Amino acid sequence: MRPPHDRLSSEQRRGDPGTRDLVLEHVTYVNGRTLLDDVSVAFPAGRVTALSGPSGSGKTTLLSIAGGLLEPTSGTAELAGREMWTGSGDPRQEVAFVLQVYGLVPILSARENVSIALRARGTAPADADEAAEAALARFGIADLGERQVEELSGGQMQRVACARGFVVGAEVLLADEPTSELDEGNRSVVLAELREEAARGAVVVVATHDPAVVEACDLHIALDEGRVVR
Ligand SMILES: Nc1ncnc2c1ncn2[C@@H]1O[C@H](COP(=O)(O)OP(=O)(O)OP(=O)(O)O)[C@@H](O)[C@H]1O
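Residue numbers here run from 1 along each chain, matching the order of that chain's written sequence. Reporting in this predicted model follows two pLDDT cut-offs: at least 70 for local features of residues, and 80 or more for side-chain atom pairs to be given and counted; totals over whole chains, interfaces and linings ignore these cut-offs and use all residues. As a rule here, side-chain values cover all heavy atoms of the structure and leave hydrogens and water aside.

Novice: Would you explain the side chain of Arg-164 in this entry?
Specialist: The way it works is that DSSP assigns letters per residue, a run of H or I at least four long becomes a helix, a run of E at least two long becomes a strand, and they are numbered from the N terminus. By the element assignment, Arg-164 lies in helix α5 (residues 154–166). Under the scheme applied here, a residue whose accessible area is under 20% of the maximum for its type counts as buried, over 50% as exposed, and between as partly exposed, the area being computed with a 1.4 Å probe on protein chains only. As used throughout, the charge tally considers Lys and Arg to be positive and Asp and Glu to be negative, leaving His and the chain termini uncounted. Here, a salt bridge means any Lys or Arg side-chain nitrogen found within 4 Å of an Asp or Glu carboxyl oxygen. Despite its burial, Arg-164 pairs with no opposite charge, the nearest such side chain being Asp-176 at 12 Å.

Structure representation (structure tokens):
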């Protein structure tokens with residue numbers, strides 16, 4: 001595994017449009033207290049980067065800034081030279097999330113929850129539904145497509161959330177503890193799918209507590225108390 005990028009290449013510093021890496025420079029985030037403190041990291045396209053650290057170390061906050069949900073107090077998060085923060089808190093179209101709290105609509109079916117991610121990006125409903133079914137199949141839950149999400153187990157919901165994040169083929173995929181509810185077999189499936197996303201050229205970042213997930217990633221960045229420690 002390569003070391004963290006506390007010294008960025010000159011291309012990354014410039015946010016060269018050719019690199020398509022996601023680059024955070026000197027990001028500090030203060031909300032009552034300092035939750036991130038001068039974080040500079042590069043998440044390369046085509047690689048799966050693990051983001052580890054104790055509970056409360058700032059992983060979710062960092063992913064939120066990296067994906068444009070939160071505005072850094074100072075510093076920048078950029079993809080190919082374009083700021084991730086657009087001023088609204090809505091992520092760019094290039095970004096997809098798999099969130100820790102899933103963010104699914106409980107009364108909709110699993111298929112609908114996945115399909116709406118594509119419909120929101122302008123895909124025709126029939127095409128979105130078809131792609132949603134294929135995405136559910138990637139996570140071994142094709143048979144759950146018609147089930148309301150509120151009837152599913154925690155692990156099944158997490159796999160629906162993965163399907164929804166993965167289905168859009170985003171340039172940047174940010175996954176917050178995507179395997180926390182999963183057994184070993186399903187964890188392996190999610191890890192293989194994360195690798196597939198990186199193989200097609202996406203920036204893939206996985207916040208995790210799980211050493212087995214860290215081990216399976218190409219790169220590893222660790223946070224402690226809002227600072228990069230490796
Ligand atoms: N909106 C907020 N306002 C103030 N403090 C917050 C806010 N969100 C998170 N925090 C605090 O920021 C710190 C970092 O939280 P964050 O969720 O980023 O950590 P984490 O590493 O993802 O933790 P976990 O592994 O438990 O999910 C924590 O101390 C948390 O209590």
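Novice: Which parts of the structure should I look at to understand α5?
Specialist: Residues separated by three or four positions in an α-helix point in the same direction, a consequence of the helix having 3.6 residues per turn. Here, expected helix span is obtained from the residue count minus one, scaled by 1.5 Å. Helix length check: α5, at 13 residues, gives a terminal C-alpha distance of 18 Å against a target of 18 Å (1.5 Å per residue), a fit within 8%. The element α5 is largely enclosed, with a buried count of 10 among its 13 residues. Here α5 has its buried residues at Gly-155, Gln-158, Arg-159, Val-160, Ala-161, Cys-162, Ala-163, Arg-164, Gly-165 and Phe-166. On the buried face of α5, the contacting elements are β6 (95–98), α3 (110–119), α4 (125–138), β7 (172–176) and α6 (184–199). Here a residue-residue contact requires only that any non-hydrogen atoms of the pair lie within 4.5 Å.

Novice: Teacher, can you tell me more about the environment of Asp-210 here?
Specialist: With respect to the helices and strands, Asp-210 occurs in the loop between β8 (203–207) and α7 (211–216). Separated by 157 residues in the primary sequence, Asp-210 and Gly-53 place their C-alpha atoms 9.9 Å from one another. Throughout this description, a polar contact denotes any pair of N or O atoms lying within 3.5 Å of each other; where both atoms belong to protein, one of them has to be capable of donating a hydrogen while the other can accept it, and for residues adjacent in sequence the pair is counted only when both atoms sit in side chains. Within the structure, Asp-210 has its side chain in polar contact with the backbone nitrogen of Ala-212 (distance 2.8 Å).

Novice: So what exactly am I meant to see when it comes to the site of the ligand here?
Specialist: Any residue with at least one heavy atom within 4 Å of a molecule or strand is counted as near it. Lining the immediate surroundings of the ligand are 13 residues, of which Arg-33, Ser-55, Lys-59, Thr-60 and Thr-61 lie closest. Contact distances for the ligand include 3.1 Å between a nitrogen atom and a side-chain N or O atom of Asn-31. In this structure, Lys-59 approaches the ligand through a side-chain N or O atom, which is 2.8 Å from an oxygen atom. For accessible areas, the Shrake-Rupley method is used with a probe of radius 1.4 Å. Any residue's cover is judged against the shown protein chains and nothing else. Taken by itself the ligand offers 630 Å² of open surface, and the protein chains cover 62% of this. Sorting the residues of the shell around the ligand by element identifies β2 (33–43) and α2 (59–66) as the ones contributing at least two each.

Novice: Please explain a nonpolar patch on the surface as it appears in this structure.
Specialist: Patch membership needs two things, relative accessible area over 30% and no salt bridge, and members are linked within 9 Å if like-charged or within 5 Å if nonpolar (Val, Leu, Ile, Met, Phe, Trp, Tyr). On the surface, a nonpolar cluster with roughly 250 Å² of combined accessible area is contributed by Leu-69, Leu-99 and Val-101. Within the secondary structure, Leu-69 is located in the loop between α2 and β4 (74–79). The exposure class assigned to Leu-69 is partly exposed, which follows from its relative accessible area of 31%.

Novice: What is the right way to read α2 from this model?
Specialist: Most of α2 is tucked away, with 7 of its 8 residues classed as buried. Every buried residue of α2 is accounted for by Lys-59, Thr-61, Leu-62, Leu-63, Ser-64, Ile-65 and Ala-66. Among the residues trailing α2, Gly-68 stands out with phi positive, at a value near 85 degrees.

Novice: Teacher, can you tell me more about the sheet that holds β2 here?
Specialist: Should DSSP find at least two bridges between two strands, the strands are taken to pair. If you walk across this open sheet you meet the 4 strands as β2-β1-β4-β5, and the pairing is antiparallel. Each edge of the open sheet carries a strand with a single partner, namely β2 and β5 (82–83). Pairing between strand β1 (residues 22–31) and β2: 7 bridges, direction antiparallel. Its bridge partner being in β2, Leu-24 is matched across the sheet by Val-41. Only the contacting stretch of a helix is used when fitting its axis, a line to C-alpha atoms as for every element, and angles between N-to-C directions run 0 to 180 degrees. Here α2 sits on the sheet and contacts β1, β2 and β4; the angle it forms with β1, its principal contact strand, is near 120 degrees.

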